[in-house]
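Read off the chains here:
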Number of protein chains: 2
Amino acid sequence: MMPASPIRKLVPYAEQAKKRGTTVYHLNIGQPDIPTPKPMIDAMHNLDLEVIAYSHSAGILSYREKMCEYYAKHNIDVTPDDIIVGAGASEAILFAVQSCLNPDDEIIIPEPFYANYNGFATSAGVKIKPITSTIESGFALPPIEDFEEAITPKTKAIMICNPNNPTGYLYSKEELEVLRKIVKKYDLFLFADEVYREFCYDGHTHYSVMNLEGIENNVVLFDSVSKRYSACGIRIGALVSKNKEVMQTAMKFAQARLSPPSLGQIAAEAAMDTPDSYFDEIISEYLARRNTVVEAMSKMDGVICPTPKGAFYVAPSLPIDDSDKFCQWLLEEFDYEGQTVMLAPATGFYATPGAGKQEVRISYVLNVENLKKAMKCIEEALKVYPGRK
Amino acid sequence: MMPASPIRKLVPYAEQAKKRGTTVYHLNIGQPDIPTPKPMIDAMHNLDLEVIAYSHSAGILSYREKMCEYYAKHNIDVTPDDIIVGAGASEAILFAVQSCLNPDDEIIIPEPFYANYNGFATSAGVKIKPITSTIESGFALPPIEDFEEAITPKTKAIMICNPNNPTGYLYSKEELEVLRKIVKKYDLFLFADEVYREFCYDGHTHYSVMNLEGIENNVVLFDSVSKRYSACGIRIGALVSKNKEVMQTAMKFAQARLSPPSLGQIAAEAAMDTPDSYFDEIISEYLARRNTVVEAMSKMDGVICPTPKGAFYVAPSLPIDDSDKFCQWLLEEFDYEGQTVMLAPATGFYATPGAGKQEVRISYVLNVENLKKAMKCIEEALKVYPGRK
């Protein structure tokens, strides 16, 4: 059965804090505050349809063609047949897990990992085998030996999120080459969630698993419009693979649910007309936010805060007994000048029991001014938290 | 693994027929040609959002509240907490099957049944046990003895579609009472797909499973905006139940995929402002279409065509050897004055191997004029089909 996530358990406490009149800075969610690009909103304002009909089960062809142009700009060479549009990356991941694995098969994922992967694994009846990446290495890819140790005859896939949610870690080409080797050696699937592809900082660029040579048939890419264009609500993601057999099986699941959302696809197709300057602005905004958070956190006593190169998350380690308790206490008992923060306990991002008790995830989805206030709250909170270590 | 449906296998033959210049009347699909109500399109034209954000995982509250008003008009008494909005009824059904059944559990469904139920069963790893309803009875509910025979310790649910896809059969209150008794006796879930609720003819009205007394905790309702408002592409359905435990578990699956489509929900909420006259017009249009099809089919030699009281499907029996072959032959080899029809072989709607070989499903989603031409095609085709019996 599916466990409730530690973040969701906190929601009633956040409600209570608000009822008491406390301002709660929400650093717990991946919902950006950035406006959705105008071409997407315009596409709805100019909607010219008599019937909002089912689309092709794989997605509207003209949208998939535009996606190919987008991927070509990122040096990823795909055709519309290599793409199935899903209701968010969520559905794409579920289709892939159901298509590539049988119940009881195993999938290796470096932890901490995006908590919702647990849901897809539960839905498909497969087992996640975590291997731990450490804050000391900045959450780099665990050594190849750890992968080899975790592989069993039931292992069918390795999954990564790059740039990573919840750590913000951006895998280097060298790390991806390590994965390439092990995937090839054991003939595993390599699942890669690349929904934060554009969000890379400090001059670093993203290297896609789609460009790893010799494992074209092993790679399955998950993508989404949600974060890229700050349009989480349109629920448009994609499953992308050169593996014809995988695509054929995934199409059966796609057909069983008839069609991805048509309105969202129309908006997503229009998103492709967003000028590149949109990303320039956003990246510099997120960079300023990341720097605000990392600088503030690093100055706090007993805090370890790596500087991530991607996404919009950081996962610092705090001098606390238990991140679940700390995050609840922040909402239930603490305020600083009438303000507090809601953080995501990292325990929900680990599959290993007991792991992540010192860590939290901070989503920098607020503006710099509010982030500064939120950082001040954390600083003051750590001074008085009864479970401080 | 999921089987490809007999309809989908026909798609390439339909493409070929069109390439030859043959007009193909599509009676194979459930995509209505009726315009989507203006309030839904207007809602998109007037979209006033800066960020298209995630909605609540159970769906936008104001939309669920409006749904309660809609249900109240149909004498169904529910609160927003009894509703989880899904990406179409498809997702709602999947959530229910995953929440109420474990892998290897069984679900009894009268056949013929909507082919996509097979997909949800495969996804959840549960087994469909069919019991056969016959064309001689007009596809009425099979006798209670058939249900009792099919029940095993693994049986967890009975599922119906009312009015029925593919037969158009409308279950009477008496038949639903039979189901009530057996559900109560064996403490099973009763799943009911009522997406065609409004489409009832000849003065008959729909009776919802939500009004069966004493089994409130057993009933799970599936609903959808797709057919009701001719808006299949918005992918907005719902799971509705008074069973708190089911809703709690289903919410975990809902949370794992974050949110149903926001744009579709905004359109669906606006749909509630559609005047009742919209349905009056549509029902009389569909009634004329049904009568066109049933009258024409009934006049053909060797054809048995019950007069269904609901939905927009009929499932006649034809004097043919094999409906898969016949439907393919219609597209591959036949034309009448440059026209032919695409029908759905009923084999895909039966789980019993070999069943449905004489039957086809006709969706009357074309206007009367085109339906008449399509009926003429079938009449002429049956005269020359080599596999005629």
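Quick look at the relation of the copies chain B and chain A now. Here the two chain copies are tied together by a rotation about an axis and a shift along that axis. Mapping chain B onto chain A leaves a residual RMSD of 0.0 Å; the transformation is a rotation of 180° accompanied by 0.0 Å of translation along its axis. Expressed as an axis order, the relation between the two copies is that of a two-fold axis. Residue H45(B) of chain B places its C-alpha closer to the rotation axis than any other residue of that unit, at 1.9 Å.

Residues and elements named next belong to chain B. Taken together, seven strands build an open sheet; the order of strands is β2-β8-β7-β6-β5-β3-β4 and the sheet is mixed. At either margin of the open sheet sits one strand with a lone partner, and together these are β2 (83-86) and β4 (127-132). Put simply, the sheet's adjacent strands are angled 25° from each other on average, direction ignored. Relative to β4, strand β3 (residues 106-111) runs parallel, the two being bridged by six bridges. From the neighbouring strand, I108 faces β4, where its bridge partner is K129. On top of the sheet, helix α3 (residues 61-73) reaches β2, β7 (219-224) and β8 (237-241); it is set at about 110° to β2, its chief contact. Its contacts with the sheet place helix α4 (residues 88-100) against β2, β5 (155-161), β6 (189-193), β7 and β8, and it is angled at close to 160° to β7.

Residue and element names in this part refer to chain A. Omega for the peptide link from N165 to P166 comes to 25°, which places this bond in the cis form. For P166, the location among the structural elements is in the loop between β5 (155-161) and α7 (173-186). Its identity is not glycine, yet F139 carries a phi of approximately 70°, on the positive side. In this fold, F139 is placed in the loop between β4 (127-132) and α6 (144-150).

Another aspect to go through is the domain arrangement of chain A. Reports often express the size of an interface as the amount of accessible area lost when the parts come together. All names here are of chain A. Taken as a whole, chain A is organised into domain 1 (11-35 + 277-384) and domain 2 (38-271). Between the C-alpha centres of domain 1 and domain 2 the distance comes to 26 Å. On the side of domain 2, 32 residues touch domain 1, which itself brings 32 residues to the contact. Where domain 1 touches domain 2, the interface holds one salt bridge.

What follows is about the interface of chain B and chain A. Counting residues at the interface gives 51 residues for chain B and 51 residues for chain A. Across the interface of chain B and chain A, roughly 4,200 Å² is buried in total on both sides, 62% from carbon and sulfur atoms. There are zero salt bridges connecting chain B and chain A. Our count for the chain B to chain A interface comes out at 22 residue pairs in polar contact (both at pLDDT 80 or more). Mapped onto the side of chain B that touches chain A, the elements with two or more residues apiece are α2 (38-45), α4, α5 (117-124), α8 (244-256) and α9 (262-271) of chain B. Top contributing element to the side of chain B that touches chain A by residue count: α8(B), with five residues.

Residue and element names in this part refer to chain A. For the structure on display, the rule yields 41 salt bridges over all chains. Its salt-bridge partner being D273, residue K66 comes within 2.8 Å of it at the nearest N-O pair. Of this pair, K66 sits in helix α3 (residues 61-73) while D273 sits in the loop between α9 (262-271) and α10 (277-299), placing them 207 residues apart in sequence. Looking at D273, the relative accessible area reads 49%, which means it is partly exposed. The structure contains a network of salt bridges with shared partners spanning E194, R197, E198, D223 and R228.

Residues and elements named next belong to chain A. Mapped onto the elements, V368 comes out in helix α12 (residues 368-384). The class for V368 is partly exposed, based on a relative accessible area of 23%. Note: C-alpha distance between V368 and T292 (76 residues apart in sequence) is 6.8 Å. In this view, V368 contacts E285, A288, R289 and T292; residues no more than four positions away in its chain are not counted.

Turning our eyes to something else, we now look at the packing of α9(A) against α9(B). Between α9(A) and α9(B), the least distance of the axes is 7 Å, while the angle of their chain directions is 130°. In terms of axis orientation, α9(A) runs oblique to α9(B). For the element pair α9(A) and α9(B), the recorded crossing hand is right-handed. In contact with L263(A), G264(A) and A267(A) of α9(A), α9(B) contributes L263(B), G264(B) and A267(B). Classifying every residue of the contact of α9(A) with α9(B) gives four nonpolar, two polar and no charged.

All names here are of chain B. Residues of β2 alternate between two faces, with I83 and V85 on one and I84 and G86 on the opposite face, all of them buried. Across four bridges, the pairing between β2 and β8 is antiparallel. Looking across to β8, one finds that I84 is bridged to L239.

All names here are of chain A. Spatial strand order, β9-β12-β11: three strands in an open sheet with antiparallel pairing. Both outer strands of the open sheet, β9 (313-314) and β11 (344-345), are each paired with one neighbouring strand and no more. Two elements, β11 and strand β12 (residues 360-363), share two bridges in a ladder whose sense is antiparallel. Its bridge partner lying in β12, P345 is registered against V360.

By the secondary structure assignment, E281(A) is in helix α10. Along the chain, E281(A) and L176(A) lie 105 residues apart, while their C-alpha atoms are 29 Å from each other.

What follows is about the packing of aromatic side chains. Scanning the entire structure with this criterion turns up 42 aromatic pairs over all chains. Judged by centre distance (4.9 Å) and plane angle (75°), the ring pair of F326(A) and Y385(A) falls under edge-to-face. Within this pair, whereas F326(A) is found in helix α11 (residues 323-332), its partner Y385(A) is found in the segment after α12, the two being separated by 59 residues in sequence. Here F326(A) falls in the buried class, since its relative accessible area comes to 0%. On the accessibility criterion, Y385(A) (7% relative accessible area) is buried. Taking 6.1 Å as the distance between ring centres and 20° as the angle between the ring planes, the aromatic pair formed by F326(B) and W329(B) counts as stacked. Here W329(B) and F326(B) lie together in helix α11 (residues 323-332), a separation of three residues that amounts to about one turn. Taken together, the ring pairs connect Y196(A), F199(A), Y286(A), F312(A), Y313(A) and Y364(A) into an aromatic cluster.

About the cut-offs
- Residues numbered from 1 in each chain as written.
- Chains lettered and ligands numbered in written order.
- Predicted model: local features only at pLDDT ≥ 70, side-chain atom pairs only at ≥ 80, totals over all residues.
- Heavy atoms only, no water.
- Least-squares fit on C-alpha atoms with pLDDT ≥ 70 in both.
- Pairing = 2+ DSSP bridges.
- Helix = DSSP H or I, 4+ residues; strand = E, 2+ residues; numbered from the N terminus.
- Axes fitted to C-alpha atoms, helices over the stretch in contact; angles between N-to-C directions.
- Contact = heavy atoms within 4.5 Å.
- Domains from an automatic or database assignment.
- Salt bridge = Lys/Arg side-chain N within 4 Å of Asp/Glu carboxyl O.
- Buried area = accessible area lost by both parts, 1.4 Å probe.
- Polar contact = N/O pair within 3.5 Å; in protein donor to acceptor, adjacent residues only side chain to side chain.
- Buried < 20%, exposed > 50% of the residue type's maximum accessible area, 1.4 Å probe, protein only.
- Parallel < 35°, antiparallel > 145°, perpendicular 65-115°, else oblique.
- Left-handed = near helix turned anticlockwise from the far one by under 90°.
- Nonpolar A, V, L, I, M, F, W, Y, C, P; charged D, E, K, R; others polar.
- Phe/Tyr/Trp six-rings, centres within 6.5 Å; stacked < 30°, edge-to-face > 60°.

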